[in-house]
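Listed here are the chains, written in short residue letters.
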Amino acid sequence: MTALDRFAAQKLQDLEARQLRRRLVDTARTDGTHAMRNERRLVSFSCNDYLNLSHHPQVKAAAIAALERYGTGAGASRLVTGNHPLFAELESRLAQLKGTEAACVFGSGYLANAGIIPALVGRDDLVLLDEFGHACLWAGARLARANVLAFRHNDIDHAASLLAEYRPQHANALIATDGVFSMDGDLAPLPALSTLAARTDSWLLVDDAHGLGVVGDGRGSRFAHADVPDVPLQMGTLSKAVGGYGGYLCASRAVIELIENRARSFIYSTGLPPATVAAAIAALDLISVDRELVTRPRRNARRFTRAAGLAEAQSAIVPVVLGTADKALAAAQLLEDEGFLVVAIRPPSVPDGTARLRLAFTAGHADIDIDRLAELVRDRVLA
Ligand SMILES: *Cc1c(COP(=O)(O)O)cnc(C)c1O
């Protein structure tokens, strides 16, 4: 064993001792709602494919046609020769859906935030993040070398008091939050955050990974509020309700052009494969025309929360907080034995002491499976 291997083995042992070691499990998703694991077919409540579009015939056909026409890869960064003609179409669909002048597509949602934030703020600037904001918002803020502060989850008063204290010493300020929180499924108070941003001369960035296709008539979290707030920076991912892969920013033309010139994860990374871009276009077509489809994930989540006696779901995500990592692991195993794939989420993905089951509801889940899962959670997991 080399010193490096000993170092790695020791770190893994530490994780194992705290029930925090993770392992990859082969999982074959055979359609939008089922997955094969350990030779068993399970109903999955752990995929973010909220509209099951990853297996939609129209989406697959679009990907195959693009692959036949343009090949498997983009061949280079988009600023070199990787900007195949499908990008412009995808970006105009995204801008239209989000109500902005322009959009910019990245390799993934993580890459988007790792590029957007450092392109807009730096050492002299302030970044204020909701404490439960996604890991890639934190990564972007740290890469920017900005002064990063966390405000308590969805606590506008706390955000306002931090801004009152720290905003004056900084040139520019960015407030960033998830629109729908990935581990709790609740919505950020975007109208209040937008007002706060305007009042303090700050810029609001909303990560809408779990909003697009699910809330606000499918248009995302900005449109989930009666008063549609001004959100100058709407980013998100094509890997959840859109069913494929990729990230995006929707913003004004000026901001998008700056991002294309300054975001390092855009400039120095290869463009998405043509098939992936074509799939996203086809999926967005379905999201913008099928008003009924986009209501289903949340309707299913609410059917579950009602039956399980939990607080009403606000999105497609429902947390069942259990506390310790071993409790969450035991609950996941119990559900797997009953034919359900529900993954336990442990620190550091969630705060210490809040290990949980995180359930993700999709358009295609059958009522009978939702009801059975609710019964198990109510009578066996929470009892
Ligand atoms: C999944 C997720 C991302 C990352 O998106 P990818 O395209 O998977 O890299 C970013 N933000 C939030 C809130 C997410 O849940």
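All values derive from a computational prediction rather than experimental measurement.

Topic: the site of the ligand
Move 1: Contacts to the ligand come from 14 residues, most closely from G109, D207, H210, T237 and K240.
Move 2: Side-chain polar atom of K240 to an oxygen atom of the ligand: 2.6 Å apart, as the coordinates give it.
Move 3: With the chains in place, 87% of the 380 Å² that the ligand exposes on its own is no longer accessible.
Move 4: Here the residues of the shell around the ligand are counted per class, giving three nonpolar, eight polar and three charged.

Considering the pattern of salt bridges
Move 1: Inspection of the entire model under this criterion finds 20 salt bridges.
Move 2: Between R93 and D285 there is a salt bridge whose closest N-O contact spans 2.1 Å. Linking R93 in helix 3 (residues 86-98) with D285 in helix 10 (residues 274-289), this pair joins segments that are 192 residues apart in sequence.
Move 3: Between E292 and R299 there is a salt bridge whose closest N-O contact spans 3.9 Å.

Quick word on the sheet that holds strand 10 (residues 247-251)
Move 1: The mixed open sheet is built from seven strands, whose spatial order is 4-10-9-8-7-5-6. This sheet does not close on itself; its edge strands, each paired only once, are strand 4 (102-106) and strand 6 (147-151). The mean inter-strand angle of the sheet, taken between neighbouring strand axes irrespective of direction, is 20°.
Move 2: Across five bridges, strand 7 (residues 173-178) lies against strand 8 (residues 203-207) in parallel orientation. Across the sheet, T177 pairs through a bridge with V206, a residue of strand 8.

Re the domain arrangement of the protein
Move 1: Taken domain by domain, the protein holds domain 1 (21-54 + 291-381) and domain 2 (74-272).
Move 2: On a C-alpha basis, the centroid separation for the pair domain 1 and domain 2 is 27 Å.
Move 3: On the side of domain 2, 19 residues touch domain 1, which itself brings 21 residues to the contact.
Move 4: For the pair domain 1 and domain 2, the summed buried area comes to about 1600 Å², and 59% of that belongs to carbon and sulfur atoms.
Move 5: If you look at where domain 1 meets domain 2, you find one salt bridge.
Move 6: Across the pair D184 and R356 runs a salt bridge whose closest N-O atoms are separated by 3.2 Å.
Move 7: At the junction of domain 1 with domain 2, the criterion picks out eight residue pairs in polar contact (both at pLDDT 80 or more).
Move 8: Of all the secondary-structure elements, those providing two or more residues to the side of domain 1 that touches domain 2 are helix 11 (296-308), strand 11 (317-323) and strand 14 (355-360).
Move 9: Residue composition of the side of domain 1 that touches domain 2, grouped by class: eleven nonpolar, five polar and five charged.

Here's the deal with the nonpolar core
Move 1: If you look at the biggest cluster of nonpolar residues, it comprises 42 residues, and the most contacted ones within it are L90 and L94.
Move 2: Of all elements in the fold, only helix 2 (57-70), helix 3, strand 4, strand 10 and helix 10 reach the threshold of two or more residues within this core.
Move 3: No other element matches helix 10, which puts eleven residues into this core.
Move 4: Both domain 1 (21-54 + 291-381) and domain 2 (74-272) contribute no fewer than three residues apiece to this core.
Move 5: Sequence-distant contacts of L90, that is, excluding residues within four places in its chain, are made with V105, L238, V277, A280, I281 and L284.

Rules and cut-offs
- Residues numbered from 1 in each chain as written.
- Predicted model: local features only at pLDDT ≥ 70, side-chain atom pairs only at ≥ 80, totals over all residues.
- Heavy atoms only, no water.
- Near = heavy atom within 4 Å.
- Polar contact = N/O pair within 3.5 Å; in protein donor to acceptor, adjacent residues only side chain to side chain.
- Areas by Shrake-Rupley, 256 points an atom, 1.4 Å probe, with all protein chains shown as cover.
- Nonpolar A, V, L, I, M, F, W, Y, C, P; charged D, E, K, R; others polar.
- Salt bridge = Lys/Arg side-chain N within 4 Å of Asp/Glu carboxyl O.
- Helix = DSSP H or I, 4+ residues; strand = E, 2+ residues; numbered from the N terminus.
- Pairing = 2+ DSSP bridges.
- Axes fitted to C-alpha atoms, helices over the stretch in contact; angles between N-to-C directions.
- Domains from an automatic or database assignment.
- Contact = heavy atoms within 4.5 Å.
- Buried area = accessible area lost by both parts, 1.4 Å probe.
- Core = buried A, V, L, I, M, F, W, Y, C linked by side-chain atoms within 4.5 Å.
- Buried < 20%, exposed > 50% of the residue type's maximum accessible area, 1.4 Å probe, protein only.

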